[in-house]
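Examination of the molecular architecture
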Amino acid sequence: MDLPFGITLEHGGSRANKTGSWRTERPVYVHHLPPCNQACPAGEDVRSWLYDGESGGDGYERAWRAIMEVNPFPAVMGRICYHPCETGCNRGQLDEAVGINSVERFLGDEAIRAGWRMQVDRPSSGRRVVVVGAGPSGLSAAYHLVRLGHAVTLLDSAPRPGGMMRYGIPAYRLPREVLDAEIQRILDLGVDLRTDTTVTDLDQTLREDGYDAAFLAVGAPLGHRAHLPAGSAAKIVDAVTMLHGLEEGERPLLGRRVAVYGGGNTAMDAARTAKRLGAEDALVVYRRTRERMPAHESEVREAEEEGVRFTWLSTITQVQEGMLTLERMELDETGFPQPTGETEELPADAVVLALGQDTDLAFLGRAEGVEVEDGVVVVDDSQMTGRPGVFAGGDVAPGPRSATVAIGQGRRAATSIDAWLRGAIPERVVELPLADFAALNTWYYTDAPRSHRPVLEAARRASTFDEVVQGLNRDTALYEARRCMSCGNCISCDNCFGVCPDNAVIKVDDADAPYLIDLDFCKGCGLCAAECPAGAIAMVPEEI
Amino acid sequence: MRETKLYQIGTFAVGNRLLDPEDRSAQASPDRANSITSGHRACQGCGEALGARYVLDAAMRAADGDVVVTNSTGCLEVFSTPYPESSWQIPWVHSLFGNGPAVAAGMAAGLRASGRTSTRVVGQAGDGGTVDIGFGCLSGMFERNDDVLFVCYDNQGYMNTGVQRSAATPPAARTANTGVIGDEPGNAFGQGKFVPLIAMAHEIPYVATATVADLHDLEDKVTRAMGMHGARYLHVLVPCPLGWAAAPAETIRLARLAVESGLFPVFEAEHGEVTAVTSIRGKVPVDDYLRLQGRYAHLFGDPGRPDLVARLQALADRNVVRFGLLDSDDGTQNASLGS
Amino acid sequence: MREQLEGSQAVARTVARCRPRVVAAYPISPQTHIVERLSDLVRSGDLAPCEYLMVESEFGAMSACIGASAVGARTYTATASQGLLFMAEALFNVSGLGLPVVMTVANRAIGAPINIWNDHSDAMSQRDCGWVQLFAASNQEAVDLHVQAFVLAERLSSPVMVCMDGFVLTHAVEAIDVPDQAEVDAFVPPFVPRQMLDPTDPVTIGAMVGPEAFTEVKYLMHRRQQQALAEIPSIAADFAARFGRTSGGVVHPYRTDDADTVVVALGSALGSVCRVVDDLRAEGTSVGALGITCFRPWPEAEVRAALAGARHVVVLERAFSPGAGGIVGRDVRTSIGSRTPVVDAVVGLGGRPVSRATVRRVLEDVSAGRLTPDDLHFPDLRRDLIDSEPATRGGPRA
């Protein structure tokens, strides 16, 4: 066309006008720490594997592998983890937390069903590491060490590996075929497991077998004994011993009326087990209130559903055959229970003590440099004891006692051992700012109430050790994964690309950084940051 | 109107990597038309620049790129075409302030007479060019049922000339000629006009309202409109950081709050009857919307004007009832307007 | 073939044979017969393909023409008087955008007082809108000018207004030769737009131009209008060659060669003027006439040449600028310089007939020195009305 001068223009010429010069702030894509990740004791990048899982199909395997990079027990964790991730989940402030735990279980079960395997990442280092204790922490450490190319010898005094996962958690919470499958997958990587092998002298083991490093993860296998005035005929057992015996095929005779003393998860396990063993009445006696009970809410709820009764603000002052004496307590202003002097008697055929667990550190002997304080082995940030090359983790080390914490410490120890063996300094994890709820733009997320896992009907729960909580199916798992808001991290939702009035966001084919800001044209209005659903864009002042 | 097949991240976001490409928004595509491209001189966070790209890119997609556009005088025209740089990447003509709908009608007639029947016409103007000075031409275009999609980018005032009142300026808004002097409330209550309802009175095939806050809703409406022939009218709320005295980053949020408060009803109508209403997802008091805008600052000072806020809330509440903007408990909508 | 036709009918048929694709019009007297007839031709399918838009106003009509022309469609409208003024904003826009719209103006007075009859106030008010303004002296010329207008408009990419006196021509029935379709098709080539809205080559029409280039845009517009002064005679010559009659061009000198006094006129009055010239020549008075066919752009050189030998020039003004004077006369004065006195005579306002007697009286008055060059004269003024009681109540006396 022969265009008239001035008033008729070729298209798109405004790109010569670089409006980026107007800008006083620029958008920057950020990675903030999602609260689920922050809360995960095992160190899982929860948001990231949920993101993979949202695709369904192949995404499930990608998600599972992402978990496995950190935690070799998705199927186990999906059952027994108390999921602090969900407590932290920002979605809880919108409607209900994402069912992270149930998705993890789904992925773990999918992996077992499909036979997905992991592989050793590095060539053999020629170094040998002994891991003492095949519980969650030891297995975790062994898994990571063997994948890092080290030869791992895993010792355990029990006949079968698993530690408290096997000998402490009842099968209705953790079916053994699930546990076995996940342990076997670790062993298949080449871990030299020696069961029924009790280390009695650490120095001797290290010296005679020529290990380059050791990880101590012997747990806290002893039930805490409290002094209870008791008649000679009174039947008192500790929960740890009872649950352990049960796993080895014993059927403890507890009678019709069983009292469980304590308020932790082990107390719930003991009470629910007692019901399954035939007790008509299982009563949990706890000295504080329900709100202050350390047992996880879901455990308490399930116990209640199964008919377990609770007596709050009570201590056992005396045990006699067929009878308990309880004293009423009241909380002082600090929340500590104080005796009131009021007592009552209660019929009970047996008392199960679930008052906590203690370590057994006799095997340390006089191991040089390994310090013990308050019954646990002192370690530094890298899980190393005072003795170079000797690390400790799990219940034997300081910290909250849970399988998830133990798994996390096992991994940290493995990483540290690997660094130590290579003479390297352990990599410091960069602390990212927390992705808080206020930074999200939740309008963009569809209203989506949580999908809950079905539970076994009450009749079967009362009498069998069948698994109580069922898994999600493919649809519900996908739905649940897709409820994730991906706090503080880009979800490739194209919102920034779309909402920019200046077309100054460029979409590129890079999964890790799918967008670039075109600074030639970005005027710095901040719409992309304000409208980012995930709060993954920050406005940063320009240096003028 | 939009069926959500899966609960998933980003259902309301521009894109969604989990959807099939053909189900994604036009804006999510790197191959989108970018009908208005970078380098335009709109203010930071301009809702109109954004709305125009949303609408035209969707129209371009719907018409397979076969679109011609006319644009009435106003911000959009001015900031996009200062000689020698045009921001338009589509065939585009600007004539006058008050004649956009007639120019569009002529374009449609010219195309039809020339046998270029696949080429579609979109007319666009701001609220001044639509509801005030262009209204006669608009009404004429409607009643003749010319084959034009006319889009009003409503930023509720004459922003290009320095923020004066238009017939689309809401009550109590302060503008350059509705100053808050003495007991004056800002713009008067009981004046102005809501052209979508007037458009419906012409019984044209399609009338819809939308905002830049809900792209999917907007694109669906453009697509729907482009699937029809005859006179079609789309009224898009496009917040103006300058004229509303709001932060540029709040543009979309303001559009969202205008809807969620009930002050701006989002609906569709065909042949004079309301056929669908986009429900409010989370109702908010008008305060949430008003407080972000300097043009309403006089309502919230000390002592403020709670009486005026209450009147605005009443207007919002009336919209909610009149258009049935809230889902009732059984999931159905009850609009008292239309059938 | 010559046949007895109303001027409007003849123009409508001619326009139809120029094959406009879009006609957008709003009814206003005395233009109505033209657009009514076009509506019939579109509805009957005789004019096809063509879209007839019944718009809501003249502003809408011209705006629709802008849109239609911008998509590359040949476009036509017609109006008059108030309608032309209602289009005013759009007129400047059409010429500024360089869109070759052709429009008939059935010249009519402008109110207040409202008056539907003929004068040139409407066209003169839009003198500077950047359109070519051609004035038809007869219905035959009106017909022929429309054919030429489409050629001219599209060749220049500029709008053309064909002015024909309302009622005097539009409603007059006379023998008119309307070119047949084949002749018109041979003369008016298919429209090849200089610019158009085309999705395969998207351009931006109607940009905003600031101080940095506005003067240049306007300068080029002026140049384009000057170019029209060359194109118009060229097209008229082509027309004469093909159709065997003289129509159009920029000026019509009539017996001016040795004329002592030349009367300048636009439009249908030229016929009466020429008859008076013939009469006076027969009586031995040396007079001539100069018809201005192309008023805008102003054919300065042609006017100067035609008036070179005149000792007196009289301009019949069909409109004027109140408080200032004649409109055409000023252009004439500028063209010929101050050596030749120019008398401005306002005649025929609001439908008052420009009779031979009026023209003759004007010439006699000039000859007798009763009309001085420096004043604006109203030779057909009815002083009796002004001097009557009701007329003197409100304002100055004449």
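Residues numbered from 1 in each chain as written. Chains lettered and ligands numbered in written order. Predicted model: local features only at pLDDT ≥ 70, side-chain atom pairs only at ≥ 80, totals over all residues. Heavy atoms only, no water.

Our focus in this paragraph is the sheet that holds strand β6 (residues 213-216) of chain A. Residue and element names in this part refer to chain A. Spatially, β5-β4-β3-β6-β19 is the arrangement adopted by the 5 strands of the open sheet, whose pairing is parallel. If you trace the sheet from one side to the other, it starts and ends with β5 (192-194) and β19 (390-392), each paired once. Between one strand and the next, the sheet's axes are offset by a mean angle of 20°, whatever the strand orientation. The pairing of strand β3 (residues 128-132) with strand β4 (residues 151-155) spans 5 bridges and is parallel. Bridged to valine 129 within β4 is valine 152. Packed onto the sheet, helix α7 (residues 136-147) meets β3, β4 and β6 and runs at close to 165° relative to β4. (Pairing = 2+ DSSP bridges. Helix = DSSP H or I, 4+ residues; strand = E, 2+ residues; numbered from the N terminus. Axes fitted to C-alpha atoms, helices over the stretch in contact; angles between N-to-C directions. Contact = heavy atoms within 4.5 Å.)

Before going further, it helps to spend a moment on the sheet that holds strand β4 (residues 148-154) of chain B. Ordered by their spatial adjacency, 10 strands build an open sheet running β1(A)-β9(C)-β2(B)-β1(B)-β3(B)-β4(B)-β6(B)-β5(B)-β7(B)-β8(B), and the pairing between neighbours is mixed. Each having just a single partner strand, β1 (8-10) of chain A together with β8 (273-277) of chain B make up the two edges of the open sheet. Strand-to-strand twist of the sheet, defined as the mean angle between neighbouring strand axes without regard to direction, takes the value 20°. Both strand β2 (residues 92-94) of chain B and strand β9 (residues 203-205) of chain C contribute to a ladder of 2 bridges, which runs parallel. Across the sheet, the residue bridging to B:Val93 is C:Ile205, located in β9(C). Docked against the sheet, helix α3 (residues 100-113) of chain B engages β1 (67-71), β2, β3 (120-126) and β4 of chain B, running at close to 155° with respect to β1(B).

Attention shifts here to the packing of helix α3 (residues 58-70) of chain C against helix α5 (residues 88-97) of chain C. Residue and element names in this part refer to chain C. Put simply, α3 and α5 touch, their axes get as near as 9 Å, and they point 15° apart. Between α3 and α5, the angle falls in the class roughly parallel. Like other packed secondary-structure pairs, α3 and α5 cross with a definite hand, here left-handed. Residue-level inspection shows Phe59, Met62, Ser63 and Ile66 of α3 in contact with α5, the latter providing Glu89, Ala90, Leu91, Asn93, Val94 and Leu97. For the contact of α3 with α5, the class distribution of residues is 7 nonpolar, 2 polar and 1 charged. (Parallel < 35°, antiparallel > 145°, perpendicular 65-115°, else oblique. Left-handed = near helix turned anticlockwise from the far one by under 90°. Nonpolar A, V, L, I, M, F, W, Y, C, P; charged D, E, K, R; others polar.)

Any two side chains of opposite charge can pair if their charged atoms end up close together. For the structure on display, the rule yields 75 salt bridges over all chains. One salt bridge in this structure joins A:Arg160 and A:Asp180, with 3.5 Å as the shortest N-O distance. Placement of the pair is A:Arg160 in the loop between β4 and α8 (164-167) and A:Asp180 in helix α9 (residues 176-187), with a sequence separation of 20 residues. With a shortest N-O distance of 3.2 Å, C:Arg127 and C:Asp128 are connected by a salt bridge. (Salt bridge = Lys/Arg side-chain N within 4 Å of Asp/Glu carboxyl O.)

Once that is clear, we can look at the nonpolar core. By size, the foremost hydrophobic cluster in this structure holds 142 residues, and its most contacted members are B:Tyr233, C:Leu38, C:Met62, C:Tyr76 and C:Val332. In terms of residues, this core owes the most to one element, helix α7 (residues 139-156) of chain C, which gives 9 residues. Among the domains, domain 1 (2-190 + 211-243) and domain 2 (251-385) of chain C are the pair contributing at least three residues each to this core. With residues up to four places along the chain from it excluded, the contact list for C:Met62 reads C:Thr77, C:Met87, C:Ala90, C:Leu91, C:Val94, C:Val101, C:Met103 and C:Trp131. Of all hydrophobic cores here, the second largest spans 98 residues; its members include A:Trp443, B:Ala13, B:Val55 and B:Met226. (Core = buried A, V, L, I, M, F, W, Y, C linked by side-chain atoms within 4.5 Å. Buried < 20%, exposed > 50% of the residue type's maximum accessible area, 1.4 Å probe, protein only. Domains from an automatic or database assignment.)

Looking now at the domain arrangement of chain A. Residue and element names in this part refer to chain A. Segmentation of chain A into domains returns domain 1 (13-31 + 490-541), domain 2 (128-222 + 358-421) and domain 3 (224-356). The centre of domain 2, based on its C-alpha atoms, is set 31 Å off from the matching centre of domain 3. Counting from both sides, the interface comprises 13 residues of domain 2 and, opposite them, 13 residues of domain 3. Both sides together, the interface formed by domain 2 and domain 3 hides about 1,100 Å², and carbon and sulfur atoms give 49% of it. (Buried area = accessible area lost by both parts, 1.4 Å probe.)

Residue and element names in this part refer to chain C. Positionally, threonine 79 belongs in strand β4 (residues 75-79). Distance in space between the C-alpha atoms of threonine 79 and valine 178 is 21 Å, their sequence separation being 99 residues. Sequence-distant contacts of threonine 79, that is, excluding residues within four places in its chain, are made with Ile28, Gln31, Glu58, Leu84, Met87, Met103, Thr104, Val105 and Ala106.

A few words now on the side chain of B:Arg256. Mapped onto the fold, B:Arg256 is located in helix α9 (residues 251-260). Beyond its immediate stretch of four places on either side in the chain, B:Arg256 contacts A:Asn441, A:Trp443, A:Tyr444, A:Glu531 and B:Ala213.

Moving on: the packing of α7(A) against helix α14 (residues 403-421) of chain A. All names here are of chain A. Between α7 and α14, the least distance of the axes is 7 Å, while the angle of their chain directions is 35°. Crossing angle aside, the handedness with which α7 passes α14 is right-handed. Packed against α7, whose contacting residues are Pro136, Ser137, Ser140, Ala141, His144 and Leu145, the element α14 presents Ala403, Ala406, Ile407, Gln409, Gly410, Arg411, Ala414, Ile417 and Asp418 at the interface. Here the contact of α7 with α14 is built from residues that sort into 8 nonpolar, 5 polar and 2 charged.

What follows is about the packing of aromatic side chains. The final tally for this structure, using the stated rule, is 24 aromatic pairs over all chains. Here the aromatic rings of C:Phe187 and C:Phe243 are separated by 5.7 Å at their centres, their planes lie at 70°, and the arrangement is edge-to-face. Here C:Phe243 lies in helix α9 (residues 214-243) and C:Phe187 lies in helix α8 (residues 181-187), a separation of 56 residues in the sequence. With relative accessibility at 9%, the residue C:Phe187 sits in the buried group. Judged by centre distance (5.3 Å) and plane angle (85°), the ring pair of C:Phe320 and C:Phe378 falls under edge-to-face. In this pair, C:Phe320 sits in strand β15 (residues 320-321) while C:Phe378 sits in the loop between β18 (376-377) and α14 (383-387), placing the two residues 58 residues apart along the sequence. Taking the relative accessible area as the measure of exposure, C:Phe378 reaches 31% and is therefore partly exposed. Within the aromatic cluster, the residues linked to one another by ring pairs are B:Phe194, B:Phe264, B:Phe267 and B:Phe323. Here the basic side chain of A:Arg276 rests over the ring of A:Tyr172, its NZ or CZ set 3.7 Å away from the ring centre. B:Lys193 extends its terminal NZ or CZ atom over the ring of B:Phe135, reaching a point 4.2 Å from the ring centre. (Phe/Tyr/Trp six-rings, centres within 6.5 Å; stacked < 30°, edge-to-face > 60°. Lys NZ or Arg CZ within 6 Å of the ring centre and 35° of its normal.)

Residue and element names in this part refer to chain C. Taken domain by domain, chain C consists of domain 1 (2-190 + 211-243) and domain 2 (251-385). Spacing between the C-alpha centres of domain 1 and domain 2 amounts to 26 Å. Taken together, the contacts link 26 residues of domain 1 with 22 residues of domain 2. Ranking the residues of domain 1 by area buried against domain 2 places Met124, Arg127 and Leu229 at the top, with a combined share of 29%. At the junction of domain 1 and domain 2, the tally comes to 1 salt bridge. When the shortest N-O distance is used, the salt bridge between arginine 318 and aspartate 165 registers 4.0 Å. At the junction of domain 1 with domain 2, the criterion picks out 11 residue pairs in polar contact (both at pLDDT 80 or more). In terms of residue class, the side of domain 1 that touches domain 2 is built from 15 nonpolar, 6 polar and 5 charged. (Polar contact = N/O pair within 3.5 Å; in protein donor to acceptor, adjacent residues only side chain to side chain.)

With that out of the way, let us pick up unusual backbone geometry. For the peptide bond that leads from B:Tyr83 to B:Pro84, omega is 0°, which places it in the cis range. Checked against the element boundaries, B:Pro84 lands in the loop between α2 (75-80) and β2. Residue B:Pro303 is bonded to the preceding B:Asp302 through a cis peptide linkage, with omega at 15°. One can find B:Pro303 in the loop between α10 (286-290) and α11 (306-323). With phi around 55°, A:Ser492 is a residue other than glycine that occupies positive phi space. Summarising the element assignment, A:Ser492 is placed in the loop between α16 (474-481) and α17 (495-499). One non-glycine residue, C:Arg19, lies in the positive phi region at around 55°. Here C:Arg19 shows up in the loop between α1 (7-17) and β2 (22-25).

Let's shift gears to the interface of chain A and chain B. Across the contact, 50 residues belong to chain A and 53 residues belong to chain B. Across the chain A to chain B interface the summed buried area is about 4,300 Å²; carbon plus sulfur atoms make up 54%. Looking at the side of chain A facing chain B, the largest losses of area belong to A:Trp443, A:Arg482 and A:Asn503, adding up to 18% of the total buried there. In this assembly, chain A and chain B are joined by 2 salt bridges. In this structure, B:Arg17 engages A:Glu54 in a salt bridge whose closest nitrogen and oxygen atoms are separated by 2.7 Å. Inspection of the region where chain A meets chain B yields 33 residue pairs in polar contact (both at pLDDT 80 or more). For the side of chain A that touches chain B, the secondary structure elements donating two or more residues are β1, α17 and α18 (527-531) of chain A.

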